[in-house]
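# Observations on the three-dimensional arrangement
Residue strings, one per chain:
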Amino acid sequence: MTADCEIEIKDAFQRSQKGHNNKAKLVASLKNRYTKLEDKTSFHEEFVHYLKYAMIVYKREPAVEHVIDFAAKFATSFQSPPKEEEEEEDEEEDEEEDEDDHPFLSFLFNFLLESHKANSHAVRFRTCQLINKLLGSMAENAQIDDDLFDRIHQAMLVRVTDKFPNVRIQAALAMTRLQQPKDFDCPTINAYMLILENDSNTEVRRAVLSCIAMSTLTLPKVLKRTQDIKENVRKLAYQVLADKVHIKAMTIAQRVTLLQQGLHDSSEAVREVVRSRLLPAWLQQQNGDGVKLLHCLDVENCAQTALETSKALFANSLTEELLQNRAQLDNRKLIPMDTLSCENVLYWRALCEFIKAKGDEGEEMLEQILPDAASYADYLHGYLKVLPVLSEEQRADFNQLELVMTKEFIAQQLIHLTGCLDTNEEGGRKRVLAVLQEMLALPQTSPSLVSLLTEKLLRLISDDTKRIQIVAEIISDIREPIMESIKPVDENENRRQQVKLAEVKVRILEAKQELEDCISAQEFSRAEELKNSIIELENQRQTIQDIAESSHPVNKEVCTEKNDPETLLRCLTMCAELLKWMNIKTRIGPTISALMSSLILPSIANAHPAVRNMAVVCLGTSTLHSKELAKTHIVLLLQIAQLDDFKIRISALQAIIDLLLLFGFQLLSEKPASQTALPSQSPDRQEGEASVAEEKGDITEDTTQSILMLLSEFLDSEVSDLRTETAEGLAKLMYTGHISSAKMLSRLVLLWYNPVTEDDTRLRHCLGVFFQLYARESRAHQEVVEECFLPTIRTLTNAPATSPLAEVDITNVVDLLVELTRPTALIKPSTNTEDMCVHDFLAVRVCGEMIKDPTAPEVRLYAKTLCNLELSTNETSRRDLLMLLQQITQVVKDRICLRAVEKLIGKLSDSKEQAELLSASALQPLDVNADETATEDPSKSAKRPKRGQRKCYAAKGSRKSSRKAESSEESDGENVPETVYVPRPSRRARAAALEKTKLDLTALINQEANTS
């Protein structure tokens, strides 16, 4: 019994190594022994003596970890349990008593603080680990002496800059309770932020992320870690933000950026954390109301992000929950117009699209949240008809402009919802079509809705001919509306006609009276004359009446053509949507040709930039449907790409790239059909045509070169959008085989590395993906990369100090080009290892460059490149390469370069050839060392060419690394042997082997006791 109550220190340490032992009993027994001792100095020294055995072990052995845990629990067991209420008067006395009551804890801290500067990284690691566990095991309201606090603080600040990552990890964790978030000058917080920004080790950054306190100072640093290069760091950053940061602590821009990056992260694990941790946490903070969550985002300016956010929330919800949150729908399954807002209408749209994406499974659910097509068409028609139209004066009022923009955004979402309607029923489908056509034809429809309305209209019509007919009719009604004209009345002329009419009537009455008199007097000849005169007067009266009636105002229907910018832009937008939705195989018919001649081509010369831009888009899209049309107008597009505004130039450039991708550069060598010549009939004529064909080929080549020169000039443009579109277009042309140019590829590589394009994310991403796909596609592409190697390196080495290219790391560029040309990088690598590969030719080029100028500073770089190449086993290529390497050893004087070249010679040659080559070398001692290196460890020399992969992968970002991820125990850079497959042993054999591998400190302690 006494043995259990009082235990020896040595026995306590031996028992603590076993995981099944109850450490609480060990701590209580040892504490009981400690309290009975009068002289505690010997106990302190003996305890530290046995603790040192564990502190010299760096590997995370279970036995050592148990000992460290036991030591920390024992040291903190002397603290009194936390009290709920303490009087302020006794605080100072309690602090003095704490100092006297915990001599062992103070002694252990002093010992650890003296050991943190030890030369052994194992001691430094265990010291920081013990301090971390000691501070972490203390009570939440525990207090330590100010001097001890400062000493621990200073020591850990030194250790977070340690050479070994594991030491830095434990030091960072140890400072968790030492940080003061409210103090902007807190050294711990500053050290944490510095580590997050600059530490190269993944686990160190993760450790700091897990323990850093959130404040206005640290939040931007944590947000930046969501863009970390390592997946685990990004994942933990989102977890920390979900658990520690309230949504209202971030700005709207930060929230939107966080969701944009998280939902589109390249890692599925990171995207899953955003969907399952971050979004549910934000939703819970808004009491489970999805519409309120959308209020926290900028829905109008980031509609797509808000849409994806809502759908991600729906994916984690049950069906019953989806139907309960129906975005304030009434019994008509519609949102009342007076309660429509940007958030609830977007939530409604997201819910409908999410359910419709389920297919047949979601049909019944969709019927509960969306009315029939006819009812919704009437609802949409009623909202669109009352959209306000601002005058020029009202547009100057920002409040009214903002209100109209909000209503237009709501209208856009309502139009999008037409895609979720069930249009299989003919009546509802016709009603939706009628509403869309009417809205397009209305002059007061906002220009921002025209493109969307046209898209939804064309989606409902499957036949291209009918599409063309309907859109052409709408364009005709908009551009040539039927208007009633009223002819003005001339009052003087009307009065004169009335006077003439009265005179004629009087004369008619007089003639009739005279006629009656003549008939009574039986003067028949005179009566005949009067009768004829009466007929003439009647005709005259009728003529005057017709003239008088024609002079009255009459409403006439007149078609007048409108050429104002708003009308032209509306018509061109519909035309562009039509051409986009037409099948590429649909030929240009009479209707489209009429639109080309009457609308598109005249609008290219319009003074309004927006009209010109849309006309160029229409022209470029229409030429894709007709090769003859493309031949006719490609010159016009080239002129526009050089002379117009930047936005219009980009549109023209996109059209040119599309034409070259579809028809190739042969488009430039063929003339339009109208310019084709008649067939020749004589031999002389045939010879003449042959010479003309040769000249034509030269002209075509010159035209192609001029286009490439034009695109090359665009790569130097200061306008980032133009530069990016050009680079993307060239990448497409090269990947599809329309261009095979080493110079152009070199330009793209230099553009990718140029610091000027650092902020151009789209350009960097596009080229990064292109290089990988292009080089892996075929050997011919790798040969182009190999051909651009030396020009690219020369450009970088000769760049002046004022050029941005002077800042580029040439080693990184070399690593990239070497990786792209590896034979094993091909999608279908060659199975015959004796075939000459691209690296063989690259080695010859590099050797020739070294022999050309052996004193150049980049000779070392070339030597390193030679060592990183994967050379084939072809005897001819190896023999030629050995001859070149021998010449290099004779002309190059740099010792480091010679050492690398001789190692390569030793790898390529057999023992006899190696002896002959080394005897001819001028550097005999280095030859012997190279021989020893090559013969002692051939596996190392075989693996040597794979150096530089890690840096290259970091630059490319798409090749999978063959190196396994380092764990926290292996993150100090120690060499880890490669795993070799062995048959799986039985469970009993594995248990026995595991026991043998476990480290036991008992033997070491006993051996020390015996020797002493």
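Here the structure is a predicted model, which is why all the values come from computation and not from measurement. Each residue is numbered by its place in its chain's sequence as written, counting from 1. Reporting of local features is limited, given that this is a predicted model, to residues whose pLDDT is at least 70; pairs of side-chain atoms are given and counted only at 80 or more, and all residues count toward the totals for whole chains, interfaces and linings. Derived side-chain values reflect all non-hydrogen atoms in the structure, with water molecules and hydrogen atoms excluded from consideration.

### With respect to the overall build of the protein chain
Helix and strand assignments come from DSSP, with helices taken as H or I runs of at least 4 residues and strands as E runs of at least 2, each series counted from the N terminus. Scanning the protein chain from terminus to terminus reveals 51 helices and two strands. Under the scheme applied here, a residue whose accessible area is under 20% of the maximum for its type counts as buried, over 50% as exposed, and between as partly exposed, the area being computed with a 1.4 Å probe on protein chains only. Looking at the protein chain as a whole, 45% of its 1012 residues qualify as buried. Partitioning the contacts of the protein chain with sequence separation of at least 6, the portion at a separation of at least 24 is 72%. Values of accessible area rely on a 1.4 Å probe in the Shrake-Rupley scheme; residue burial ignores everything except the protein chains shown. Counting every atom, the protein chain has about 54,600 Å² of accessible surface; 50% of that belongs to carbon and sulfur. The contact rule is simple, with two residues in contact once any of their heavy atoms fall within 4.5 Å.

### Some remarks on unusual backbone geometry
Positive phi is not limited to glycine here, since N287 has a value of about 60°. Relative to the elements of secondary structure, N287 occurs in the loop between α16 (268-285) and α17 (290-295). We classify N287 as exposed; its relative accessible area is 67%. A positive phi angle is found at K333, which is not glycine, with a value near 65°. Among the structural elements, K333 can be located in the loop between α19 (319-324) and α20 (342-356).

### Some words on the pattern of salt bridges
A pairing counts as a salt bridge when a side-chain nitrogen of Lys or Arg comes within 4 Å of a carboxyl oxygen of Asp or Glu. Tallying each qualifying case throughout the model produces 39 salt bridges. For R349, the salt bridge goes to E353, with nearest N and O atoms at 2.9 Å. A residue pair is termed a helical-turn pair when its members lie 3 or 4 positions apart in one helix, as R349 and E353 do in helix α20 at four residues. Looking at R349, the relative accessible area reads 10%, which means it is buried. By relative accessible area, which is 19% here, E353 ends up buried. Between R459 and E455 there is a salt bridge, and its shortest N-O distance comes to 3.4 Å. Of this pair, R459 and E455 both sit in helix α26 (residues 447-459), four residues apart, roughly one helical turn.

### Topic: the nonpolar core
The criterion is simple. A nonpolar core is a set of buried Ala, Val, Leu, Ile, Met, Phe, Trp, Tyr and Cys residues joined through side-chain atoms within 4.5 Å. Grouped together as the largest cluster of nonpolar side chains are 272 residues, with contacts concentrated most on F47, W348, Y376, L414, M850 and L885. Those residues in contact with Y376 that sit more than four places away from it in its chain are L334, W348, L370, P371, L414, L417, T418 and L421. Membership of the second largest hydrophobic core comes to six residues, among which are A511, A527, L530 and I534.

### Details of the packing of aromatic side chains
Two rings from Phe, Tyr or Trp (for Trp, the six-membered ring) form a pair when their centres are within 6.5 Å of each other. A pair whose planes differ by under 30 degrees is stacked, one over 60 is edge-to-face, and the rest are tilted. This model, assessed by the stated rule, comprises 23 aromatic pairs. Here the aromatic rings of W752 and F771 are separated by 5.3 Å at their centres, their planes lie at 70°, and the arrangement is edge-to-face. With W752 in helix α37 (residues 742-753) and F771 in helix α38 (residues 761-777), this residue pair connects regions lying 19 residues apart in the sequence. Like F771, W752 is buried. Between F770 and Y774 the ring centres are 5.2 Å apart and the planes differ by 35°, which places this aromatic pair in the tilted class. Residue F770 and its partner Y774 are located together in helix α38, separated by four residues, close to a single helical turn. For Y774, a relative accessible area of 1% puts it in the buried group. Among the aromatic residues, ring-to-ring pairing joins F13, Y34, F43, F47, Y50, Y53, F70, F74 and F104 into one connected group.

### Some remarks on empty space enclosed by the protein
A cavity here means a set of points on a 1 Å grid, drawn over the protein atoms and nothing else, where a 1.4 Å probe fits but cannot get out; a pocket is an open set with protein on both sides within 12 Å along at least five of seven lines, and a residue lines either one if it has an atom within 4 Å of a point. Grid points are joined across faces, edges and corners, and a volume is the space filled by probe spheres set on the points. Under the counting rule described, the total for this entry stands at one cavity of 30 Å³ or more. Put simply, the largest cavity is a space of about 30 Å³. Taken together, Y376, A377, L380, T418, L421, V432, V435 and L436 make up the full set of residues lining the largest cavity. Taken together, the elements giving at least two residues each to the lining of the largest cavity come down to α22 (373-385) and α25 (426-441). Considered class by class, the residues forming the lining of the largest cavity number seven nonpolar, one polar and no charged. Any residue that is not Ala, Val, Leu, Ile, Met, Phe, Trp, Tyr, Cys, Pro, Asp, Glu, Lys or Arg is counted as polar, Gly included; the first ten are nonpolar and the last four charged.

### Remarks on the side chain of S741
The topology assignment puts S741 in the loop between α36 (720-735) and α37. By the criterion applied in these results, polar contacts are pairs of N or O atoms within 3.5 Å in which, for protein atoms, one can donate a hydrogen and the other can accept it, and in which residues neighboring in sequence qualify only through two side-chain atoms. A distance of 3.2 Å separates a polar atom in the side chain of S741 from the backbone nitrogen of M744. Beyond its immediate stretch of four places on either side in the chain, S741 contacts M734 and V784.

### Quick word on the confidence of the model for the protein chain
One confidence number per residue, pLDDT, is output by the predictor and ranges from 0 to 100. Per-residue confidence for the protein chain averages 80 on the pLDDT scale, and 81% of its residues sit at or above 70. Between residues 84-89, whose pLDDT stays under 50, and residues either more than four places distant or in other chains, the model counts zero contacts. For the stretch residues 914-985, pLDDT sits under 50, and the model shows 87 contacts to residues farther than four places along the chain or on other chains.

### Describing the environment of F109
Topologically, F109 is positioned in helix α7 (residues 103-115). Separated by 21 residues in sequence, F109 and L130 have C-alpha atoms that sit 9.2 Å apart. Every residue in contact with F109, bar those within four places of it in the chain, is listed here: I131, L134, L135, M138, L148 and I152.

### A short note on the state of the cysteines
Count a disulfide wherever a pair of cysteine sulfur atoms falls within 2.5 Å. Under the definition given, this model contains zero disulfides. Cysteine C847 is unpaired, with the sulfur of C897 as its nearest cysteine sulfur at 9.7 Å.

### Details of a negative patch on the surface
Together, D360, E363, E364, E367, D372, D422 and E425 make up a negatively charged patch on the protein surface. Within the secondary structure layout, D422 lies in the loop between α24 (398-416) and α25. According to the relative accessible area criterion, D422 is exposed, its value standing at 54%. The patches reported here contain residues having more than 30% relative accessible area and no salt bridge. Joining distances are 9 Å for like charges and 5 Å for nonpolar side chains (Val, Leu, Ile, Met, Phe, Trp, Tyr). Think of it this way: Lys and Arg go in the positive column, Asp and Glu in the negative one, and His and the chain ends go nowhere. A single reference atom marks each charge: NZ on Lys, CZ on Arg, CG on Asp, CD on Glu.

### Focus on α16
Helices are assigned an expected span. That span is 1.5 Å times one less than the residue count. A rise of 1.5 Å per residue sets the reference length of α16, with its 18 residues, at 26 Å; its end C-alpha atoms lie 25 Å apart and thus fit the reference within 8%. At V274, α16 shows its strongest bend, of approximately 30°. Listing the buried residues of α16 in full gives V270, R271, V273, V274, L278, L279, A281, W282 and L283. Packed against the buried residues of α16 are α14 (231-244), α15 (252-263), α17 and α18 (303-315). Taking the backbone nitrogen of A269 as reference, a side-chain oxygen 3.3 Å away marks S267 as the first, capping residue of α16. Looking one or two places after α16, you find N287, whose phi comes out positive at around 60°. The angle separating two fitted axes, one through the seven residues that finish at a residue and one through the seven that start at it, defines the bend at that residue.

### Remarks on the environment of L817
Here L817 lies in helix α41 (residues 810-820). Using a relative accessible area of 2% as the deciding quantity, one classes L817 as buried. For the pair L817 and Q782, spaced 35 residues apart in the sequence, the C-alpha separation amounts to 9.4 Å.

### Things to note about the packing of helix α4 (residues 41-55) against helix α5 (residues 62-76)
Following both chains from N to C, one finds α4 and α5 inclined at 155°, their axes separated by 9 Å at the closest point. Classified by the interaxial angle, the pair formed by α4 and α5 is roughly antiparallel. At the point where α4 passes α5, the crossing takes the left-handed sense. Contact residues: α4 offers F43, F47, L51 and A54, while α5 offers V64, V67, I68, F70, A71 and F74. Residues that form the contact of α4 with α5 fall into these classes: ten nonpolar, no polar and no charged. Axes here mean lines fitted to C-alpha atoms, for a helix over just the part in contact, with angles spanning 0 to 180 degrees between N-to-C directions. Every angle not falling under 35 degrees, over 145, or within 65 to 115 is termed oblique; those three ranges are roughly parallel, roughly antiparallel and roughly perpendicular. Handedness of a helix crossing follows the sense of rotation of the near helix relative to the far helix, less than a right angle counterclockwise being left-handed and clockwise being right-handed.

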